Amino acid sequence: MLSLEPKDLSTGKLHSYLLSAVAPRPIAFASTIDAEGNPNLSPFSFFNIFSANPPIMVFSPARRVRGNTTKHTLNNVEQVKEVVINVVNFDIVQQMSLASTEYPENVNEFKKAGLAMLESDLVKPFRVAESPIQFECKVNDIIKLGNEGGAGNLIICEVVKFHITSEVLNEDDTINQEQLDLVARAGGSYYSRANKGFFEIPKPLSTLGIGVDAMPEHVKNSMILTGNDLGVLGNVEALPSDKEIEEFLKDVSERYPNVRDMSHRERHKIAQNYLSYGDVESAWKLLLTEK
């Protein structure tokens, strides 16, 4: 068997082994706010529940390996010691992935990911309206585990109130695990759907995806495209040009002779089919014929 000592590995290599071996891990979709009131939303898979009395959750935003900088979430909870931990189910997994993009400070990931901000009752950070369970928490302590890139920062949170959508509750108000349909993180691009098993999501672009907020209104407000569809569409660096769209329309004219005259609903259904095969470029070219 392969035997390794951490000191012999680069931080990146060690990180990769650890995340692939300790998996799947629950995801804390953490909403925070800075001292000026700017919201931030980011997922973390170094996360779990550690106590019921008092109700304590711990998650850890690690220092970036590249550049040894800290994440906005950590900076925010140092300023405002509150956080909302939203759970991630399959319905919002693509939007969650898009929100993990390293957008600049003061960029609102709620808007980039196309997620609605819901006011909390007892803390300042917003809840993710689409998340089926949301935990409002006070930050009791922050434990720094090191000063080098890859070092964790344990954020110890006490749950002060939580919210569960009725859609995932049984008649006796217990949680229906199958209906909840949680998603967990594994190594590389792998995730695990609690009731279905492993699947993959490409990592967000380092060049920054355009985000849901930059999409045309008819796409953002589609009655056909799901939140996951929008999350995939938002993870592109730029939209196709008019020339590329025209070439695409010529290529598909035999298959879809009335493509230019289709209703929004018809076009969006076909675009969704392209997305199901991972063809994001064709989906965008079809959607943008409505400009």
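Further up the page is the structure itself.
The shown structure was predicted, so the numbers you read here are calculated from the model rather than taken from an experiment.

**Q** I keep staring at the overall build of the protein chain and nothing clicks. Help me out?
**A** Tallying secondary structure elements over the protein chain gives 10 helices and 12 strands in all. Taking 19 Å as the expected radius of gyration for a compact globule of 291 residues, we find that the protein chain reaches 21 Å, a close match to that expectation. Looking at the 291 residues of the protein chain, the share that counts as buried comes to 46%. The contacts of the protein chain with a sequence gap of at least 6 include a subset with a gap of at least 24, amounting to 63%. Counting every atom, the protein chain has about 15400 Å² of accessible surface; 50% of that belongs to carbon and sulfur. Positive and negative side-chain charges of the protein chain, numbering 29 and 39 respectively, have mean locations separated by a distance of 4 Å.

**Q** Please explain the packing of helix H9 (residues 264–276) against helix H10 (residues 280–287) as it appears in this structure.
**A** Helix-helix packing is characterised by the crossing angle of the two axes and by the distance between the axes. Here H9 crosses H10 at 170°, and the two axes come no closer than 7 Å. The pairing of H9 with H10 is recorded here as roughly antiparallel in orientation. When H9 is examined against H10, the residues Arg267, His268, Ile270, Ala271, Tyr274 and Leu275 are found in contact with a partner set consisting of Val280, Ser282, Ala283, Leu286 and Leu287. A class-by-class count of the residues in the contact of H9 with H10 yields 8 nonpolar, 2 polar and 1 charged.

**Q** Explain the environment of Met57 to me, please; I cannot follow it from the model alone.
**A** With respect to the helices and strands, Met57 occurs in strand S4 (residues 55–59). Through-space distance from the C-alpha of Met57 to that of Arg193 is 22 Å; in sequence the pair is 136 residues apart. In this structure, Met57 is in contact with Phe47, Asn48, Ile49, Ile85, Phe135, Ile155, Ile156, Cys157 and Val159, ignoring residues within four places of it in sequence.

**Q** Hey, could you run me through the pairing of strand S1 (residues 28–33) in this one?
**A** Side-chain direction in a regular strand flips from residue to residue, so the side chains alternate between the two faces of the sheet. Counted residue by residue, S1 has 6 buried out of 6 residues, so it is predominantly covered. Across the two faces of S1 the burial is the same, with Ala28, Ala30 and Thr32 and Phe29, Ser31 and Ile33 all buried. With 6 bridges joining them, S1 and strand S2 (residues 39–44) adopt antiparallel strand pairing. When the bridges of S2 are listed, Thr32 appears paired with Asn40. Here S1 folds back onto S2, and the loop between the two strands holds 5 residues, one of which, Gly37, carries a positive phi near 90°. Bridging between S1 and strand S5 (residues 82–86) involves 3 bridges; their strand directions are antiparallel. Its bridge partner being in S5, Phe29 is matched across the sheet by Asn86.

**Q** Looking at this model, I keep getting lost on the pairing of strand S11 (residues 190–193). Mind explaining?
**A** Relative to S11, strand S10 (residues 183–185) runs antiparallel, the two sharing 3 bridges. Paired with Arg185 across the bridge in S11 is Tyr191. Counting the residues between successive antiparallel strands, the hairpin from S10 to S11 contains 4 residues, one of them, Gly188, with a positive phi of roughly 60°. Where S11 lies against strand S12 (residues 197–200), 4 bridges are found, and the strand directions are antiparallel. Within S12, the position partnered with Tyr191 by the bridge is Phe199. The antiparallel hairpin formed by S11 and S12 contains 3 residues in its connecting segment.

**Q** Mind showing me how you'd approach the sheet that holds S4 here?
**A** Hydrogen bonds between backbone atoms are what pair the strands of a sheet, whose relative direction is either parallel or antiparallel. Spatially, the 7 strands line up as an open sheet ordered S2-S1-S5-S8-S9-S4-S3, and their pairing is antiparallel. At either end of the open sheet lies a strand with only one pairing partner, and these are S2 and strand S3 (47–52). Strand-to-strand, the axes of this sheet are offset by a mean angle of 30°, without reference to chain direction. Of the strands in this sheet, S1, S2, S4, S5, strand S8 (133–144) and strand S9 (153–164) touch helix H2 (residues 72–79), which is tilted by about 85° from S8.

Conventions and cut-offs
Throughout this description, residue numbers start from 1 for each chain and increase along the sequence as written. Local features in a predicted model are, by the rule used here, given only for residues with pLDDT of at least 70; side-chain atom pairs are given and counted only at 80 or more, and totals for whole chains, interfaces and linings are based on all residues. Side-chain numbers come from the whole structure's heavy atoms, not from hydrogens or water. Runs of H or I in DSSP of at least four residues are treated as helices and runs of E of at least two as strands, each being numbered from the N terminus. Only C-alpha atoms enter the radius of gyration; for comparison, a globular chain is expected to reach 2.2 Å times N to the power 0.38, where N is the number of residues. Residue burial is assigned from relative accessible area. The probe radius is 1.4 Å, only protein chains are included, and a residue is buried under 20% of its type maximum, exposed over 50%, and partly exposed in between. Here, two residues are considered to be in contact whenever any of their heavy atoms come within 4.5 Å of each other. Only the protein chains shown count as covering a residue, and every accessible area follows the Shrake-Rupley method with a 1.4 Å probe. Think of it this way: Lys and Arg go in the positive column, Asp and Glu in the negative one, and His and the chain ends go nowhere. Here the site of a charge means atom NZ of a Lys, CZ of an Arg, CG of an Asp or CD of a Glu. Here the axes come from fitting lines to C-alpha atoms, over the contacting stretch only for helices, and the angles between their N-to-C directions go from 0 to 180 degrees. Working rule for angles: under 35 degrees goes down as roughly parallel, over 145 as roughly antiparallel, 65 to 115 as roughly perpendicular, anything else as oblique. Polar here means any residue other than Ala, Val, Leu, Ile, Met, Phe, Trp, Tyr, Cys and Pro, which are nonpolar, and Asp, Glu, Lys and Arg, which are charged; Gly is therefore polar. The pairing criterion for strands is at least two bridges between them, as found by DSSP.

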